[in-house]
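Fold and contact review
Here's the letter readout for the chains.
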Amino acid sequence: LPLLVAGTALSLATISDGFLYLTLQRRVEFEVRFFPLLYVATAAIFMLLAVPVGRLADRIGRGRVFIGGYILLLIVYVSLLVPWRGAAPVMLDLVLLGAYYAATDGVLMALAGAVLPAAQRASGMALLTTGTSLARLAGSILFGLLWTWRGVGFAVTLSAAGLTAAILCGSVVLHSREKSDG
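Fair warning: this is a prediction, and the values are worked out from it, not measured in the lab.

The subject of this paragraph is the overall build of the protein. From N to C terminus, the protein includes seven helices and zero strands. Beginning at the N terminus, the succession of helices and strands in the protein can be written as α-α-α-α-α-α-α. What you see for the protein is a C-alpha radius of gyration of 17 Å, in line with the 16 Å of a compact globule of 182 residues. Overall size of the protein, expressed as C-alpha extent along the three principal axes, is 50 × 35 × 25 Å. Put simply, the protein has 182 residues, and 42% of those count as buried. If you sum the accessible surface of the protein, you get close to 9500 Å²; carbon and sulfur atoms cover 71% of it. Each charge sign in the protein was given a centre, from 13 positive and 8 negative side chains, and these centres are 4 Å apart.

And the structure:
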């Protein structure tokens, strides 16, 4: 249950990739024809980093790497509030976003696998995935409403604040979980 709460809180404060890319496109003002490449680049970076980040999680702790992934996402949010120009900020954000996925997607399942009893592992992971996916959907809807209501800067700022609070909460939950396990 603590992992479900932490994962769901963090997912609720997550802006969908589509909204991130739209915000990035508006901030940097690159041509819309490059928009599909953002998805490809993020996925490629995720694939390149998944195994090394998984090894890092095994070495220094899954909870640390998981929270670290969300810190990378927070850096992306903050960068969206800066009026960058050129390709460098786009590339940096794509690397950070791919690294975020590498540090969170598989690592969350590894965290769950370590705490769920074998007889309930698959259903527990399914519940965790459902909870985090529904939270991401709700977070995207909320972001879209905020963008429509007060503008993209307000929506990103509020998302960054929410993610900061969720990171702090998730850190406490995962740290206390590690202490009780160890």
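Let us keep going from here.
This brings us to the side chain of Asp17. Considering the arrangement of structural elements, one finds Asp17 in helix H2 (residues 17-28). The residues contacting Asp17, other than those within four sequence positions of it, are Tyr39, Leu97 and Tyr101.

Relative to each other, H2 and helix H6 (residues 121-150) sit at 30°, their axes nearing to 11 Å. Mapping the contact onto sequence places Phe19, Leu22, Thr23 and Arg26 in H2 and Ser140, Phe143, Gly144 and Trp147 in H6. Split by residue class, the contact of H2 with H6 holds four nonpolar, three polar and one charged.

A word on the packing of aromatic side chains. Using the criterion set out here, one finds 11 aromatic pairs in the structure. Taken together, a centroid distance of 6.1 Å and an interplanar angle of 70° make the contact between Phe35 and Tyr39 edge-to-face. One end of the pair is Phe35 and the other is Tyr39, both in helix H3 (residues 35-60) and four residues apart, which spans about a single turn. For Phe35, a relative accessible area of 17% translates into the label buried. Look at Phe66 and Tyr70: their rings are 5.4 Å apart centre to centre, the planes differ by 75°, and that puts the pair in the edge-to-face class. Separated by four residues within a single helix, Phe66 and Tyr70 lie in helix H4 (residues 62-80), roughly one turn from each other. On the basis of relative accessible area, Tyr70 is assigned to the buried category, the value being 2%. Within the aromatic cluster, the residues linked to one another by ring pairs are Phe46, Phe66, Tyr70, Tyr100 and Tyr101.

Let us now look at a nonpolar patch on the surface. Together, Leu134, Leu137, Ile141 and Leu145 make up an exposed nonpolar region whose accessible area comes to about 420 Å². The residue Leu134 is located in helix H6 in this model.

One pass over the structure, following the stated rule, counts three salt bridges. Glu31 serves as the salt-bridge partner of Arg33, at 2.7 Å between the closest nitrogen and oxygen. Take Arg33: its relative accessible area is 59%, and that puts it in the exposed class. Its relative accessible area of 45% is what places Glu31 among the partly exposed residues. A salt bridge links Arg136 to Asp105; its shortest N-O distance comes to 3.8 Å.

Where H2 meets H3, the axes come as close as 10 Å, and the angle between the chain directions of the two elements is 125°. Judged by the angle between their axes, H2 and H3 are oblique. Like other packed secondary-structure pairs, H2 and H3 cross with a definite hand, here right-handed. Contacts from Asp17, Gly18, Tyr21 and Leu22 of H2 reach H3 at Phe35, Leu38, Tyr39 and Thr42.

Conventions we followed
Residues numbered from 1 in each chain as written. Predicted model: local features only at pLDDT ≥ 70, side-chain atom pairs only at ≥ 80, totals over all residues. Heavy atoms only, no water. Helix = DSSP H or I, 4+ residues; strand = E, 2+ residues; numbered from the N terminus. Rg over C-alpha atoms; globule rule 2.2 N^0.38 Å. Buried < 20%, exposed > 50% of the residue type's maximum accessible area, 1.4 Å probe, protein only. Areas by Shrake-Rupley, 256 points an atom, 1.4 Å probe, with all protein chains shown as cover. Lys, Arg positive; Asp, Glu negative; His and termini not counted. Charge placed at Lys NZ, Arg CZ, Asp CG, Glu CD. Contact = heavy atoms within 4.5 Å. Axes fitted to C-alpha atoms, helices over the stretch in contact; angles between N-to-C directions. Nonpolar A, V, L, I, M, F, W, Y, C, P; charged D, E, K, R; others polar. Phe/Tyr/Trp six-rings, centres within 6.5 Å; stacked < 30°, edge-to-face > 60°. Patch = residues over 30% accessible without salt bridge, like charges linked within 9 Å, V, L, I, M, F, W, Y side chains within 5 Å. Salt bridge = Lys/Arg side-chain N within 4 Å of Asp/Glu carboxyl O. Parallel < 35°, antiparallel > 145°, perpendicular 65-115°, else oblique. Left-handed = near helix turned anticlockwise from the far one by under 90°.

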